[in-house]
Amino acid sequence: MQERSATTDLPVRRADKAAAVAVPPVPFGPSEKAAIVVRLLLNEGADLPLEDLPEDLQLRLARQMGRMGLIERHALEAVVEEFAQALDGIGLTFPRGIAEALSVLDGTISAETAERLRKEAGVRRAGDPWLRLQALPLDELKTIAETESTEVAAVLLSKLETAKAAELLGHLPGPLARRITYAISRTGAITPAVVDRIGLSLASQLDQKPPVAFAHAPDERIGEILTQSASITRDDMLSGLDETDAELAKLVRRSIFTFPHIPARVAPRDVPRVIRAVEQDQLIAALTAAKDDPASAAAGDFLLANLSTRMADSLREQIEERGTVRPRDGEIAMGAVVAAIRDLARAGEIELIPPGEETPD
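Residues numbered from 1 in each chain as written. Predicted model: local features only at pLDDT ≥ 70, side-chain atom pairs only at ≥ 80, totals over all residues. Heavy atoms only, no water.

## With respect to the overall build of the protein chain
When helices and strands are counted, the protein chain shows 20 helices and two strands. Scored against the burial criterion, the 361 residues of the protein chain give a buried share of 31%. Approximately 23,000 Å² of the protein chain is accessible, and the part contributed by carbon and sulfur atoms is 54%. (Helix = DSSP H or I, 4+ residues; strand = E, 2+ residues; numbered from the N terminus. Buried < 20%, exposed > 50% of the residue type's maximum accessible area, 1.4 Å probe, protein only. Areas by Shrake-Rupley, 256 points an atom, 1.4 Å probe, with all protein chains shown as cover.)

Given below as structure tokens:
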């Protein structure tokens, strides 16, 4: 009886598994059989990731396919049957080499362990290096563009997505940006092999960096902590930093985001979304406390001024009804407003204005 192969739509004679009838040998070697199977699968529209094969195997396959002539149907059926039975007999496959093993284990072992194994085996990270470079933050791409040659920077800019390339160009010094832009005009004759080597070279520099335990810089982490601290504690810590390390104190102050910073860090268009993200009781307490605090009054007025007239009037009525708020309760409530703003920014729902930049209209 004939049935269709699991691999192709070509009808082949399948031996009954219970009988375990051996497939008659065919007059082809392994390379020829591989070429036949690949050709048949491509004819059937299969998407074969042949680019993942080592280059020497790709060359051997292409050369072998170029030497193959006409294959008789019975020989084709025998090769397909042998291939299908070989697949049936496979129970489990393991990756070849430490590079493929690390790719399989990605996300399941620690970054430190993976990096140690790469260094011991002398292998680089798998995957397209340009995808890794594309995912880098803007400040790291800026460092690469400033430290590499103009030609390499031109290739980097050309391989980035257009929006990110434009953003990077805008953050580079004017003379350098102009030189790189002009250098792009001279990349027309560059070969794919050269682009690949440049990508691998830049990515290898990333592999040489030791993994870090913290995602943010020390001044940012200190700023996060002091943002959530009581004002008396925050002021005391900043005074101590001024005496110990004035430069660090300056950076920490830029990382701190408290209630009085809201007008400078939150765009007016995002205020309604911020108001909706804060519990009503906390919002009223924060606005009531801000009204009586000279340092925070401008932030409270800013929030009310960027709401609809109806909502702002409703909040003002509730503020009057609330009366006074104990300083500690007011500080907690204002901290809740700031925390809601940070949560919205982390979720990508709003974008905070960087310290020192003007508030957009």
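## Digging into the side chain of Arg 265
Topologically, Arg 265 is positioned in helix H15 (residues 262-265). What makes Arg 265 buried here is its relative accessible area of 12%. Not counting residues within four places of it along the chain, the set of residues in contact with Arg 265 comprises Arg 254, Ile 256, Phe 257, Leu 352, Ile 353, Pro 354 and Pro 355. (Contact = heavy atoms within 4.5 Å.)

## Observations regarding helix H3 (residues 73-88)
With 16 residues, H3 should cover 22 Å at 1.5 Å per step; its first-to-last C-alpha distance of 22 Å lies within 8% of that length. Among the residues of H3, those classed as buried are Ala 75, Leu 76, Glu 77, Ala 78, Val 79, Val 80, Glu 81 and Ala 84. (Expected span 1.5 Å × (residues − 1).)

## As for the nonpolar core
Across soluble globular proteins, nonpolar side chains have a tendency to be buried as a group. Phe 259, Ile 262, Val 266 and Ile 341 are the most contacted members of the largest nonpolar core, which totals 32 residues. If you look at the next biggest cluster of nonpolar residues, it comprises 25 residues, including Ala 145, Leu 160, Ile 180 and Ile 198. (Core = buried A, V, L, I, M, F, W, Y, C linked by side-chain atoms within 4.5 Å.)

## Section: the pattern of salt bridges
Under the criterion given, the structure shown has twelve salt bridges. Between Glu 82 and Lys 33 there is a salt bridge, with its nearest N and O atoms 2.9 Å apart. Remark: Lys 33 occurs in helix H1 (residues 30-43) and Glu 82 occurs in helix H3; sequence separation between them is 49 residues. Given the relative accessible area of 32%, Glu 82 is considered partly exposed. Its salt-bridge partner being Arg 346, residue Asp 343 comes within 3.3 Å of it at the nearest N-O pair. Of the two residues, Asp 343 and Arg 346 are both situated in helix H20 (residues 327-346); the distance of three residues between them amounts to about one turn of the helix. (Salt bridge = Lys/Arg side-chain N within 4 Å of Asp/Glu carboxyl O.)

## Describing the packing of aromatic side chains
This structure, assessed with the given rule, holds zero aromatic pairs. The ring of Phe 257 carries Arg 265 above its face, with NZ or CZ at 5.3 Å from the centroid. (Phe/Tyr/Trp six-rings, centres within 6.5 Å; stacked < 30°, edge-to-face > 60°. Lys NZ or Arg CZ within 6 Å of the ring centre and 35° of its normal.)

## A word on the confidence of the model for the protein chain
Chain-level statistics for the protein chain give a pLDDT mean of 83 and a share of 84% at 70 or above. In this model, residues 1-23 is a region of pLDDT below 50 whose contacts with residues beyond four sequence positions or in other chains number 43 contacts. (pLDDT = per-residue confidence, 0-100.)

## A closer look at the environment of Glu 146
Turning to its location among the elements, Glu 146 is positioned in helix H7 (residues 138-147). Accessibility expressed as a relative area gives 36% for Glu 146, which makes it partly exposed. A C-alpha to C-alpha distance of 7.8 Å links Glu 146 and Leu 176, two positions 30 residues apart in sequence. Beyond its immediate chain neighbours, meaning those up to four positions away, Glu 146 contacts Leu 172, Pro 173 and Leu 176.

## What about the packing of H1 against helix H2 (residues 55-67)?
It is at 9 Å that the axes of H1 and H2 come closest, and there the two elements cross at 85 degrees. Here H1 lies roughly perpendicular to H2, going by the angle between them. Contacts between H1 and H2 involve Ser 31, Glu 32, Ala 34, Ala 35, Val 38 and Arg 39 on the former and, on the latter, Arg 60, Leu 61, Gln 64 and Met 65. For the contact of H1 with H2, the per-class residue count stands at five nonpolar, two polar and three charged. (Axes fitted to C-alpha atoms, helices over the stretch in contact; angles between N-to-C directions. Parallel < 35°, antiparallel > 145°, perpendicular 65-115°, else oblique. Nonpolar A, V, L, I, M, F, W, Y, C, P; charged D, E, K, R; others polar.)

## A few points about helix H17 (residues 280-291)
For H17, spanning twelve residues, the distance from its first C-alpha to its last is 17 Å, which sits close to the expected 16 Å at 1.5 Å a residue. Taken residue by residue, H17 has Leu 283, Ile 284, Ala 285, Ala 286, Leu 287, Thr 288, Ala 289 and Ala 290 as its buried positions.

## Some details on the side chain of Arg 234
Within the element layout of this structure, Arg 234 appears in helix H13 (residues 231-244). Buried within the structure, Arg 234 lacks any salt-bridge partner; Glu 331 is the closest side chain of opposite charge, at an N-O distance of 4.7 Å. Only 3.0 Å separates the side chain of Arg 234 from the backbone oxygen of Leu 226, close enough to count as a polar contact. In this structure Arg 234 touches Leu 226, Thr 227, Ser 229, Ile 256 and Thr 258, once residues within four positions along its chain are discounted. (Lys, Arg positive; Asp, Glu negative; His and termini not counted. Polar contact = N/O pair within 3.5 Å; in protein donor to acceptor, adjacent residues only side chain to side chain.)

## A look at the environment of Ile 256
With respect to the element layout, Ile 256 can be found in the loop between helix H14 (246-255) and H15. Assessed through its relative accessible area of 6%, Ile 256 is described here as buried. Residues Ile 256 and Leu 226, spaced 30 residues apart in sequence, show a C-alpha to C-alpha distance of 6.8 Å. Each residue touching Ile 256, except ones within four places of it in the same chain, is listed here: Gly 223, Leu 226, Thr 227, Arg 234, Leu 238, His 261, Arg 265 and Arg 342.

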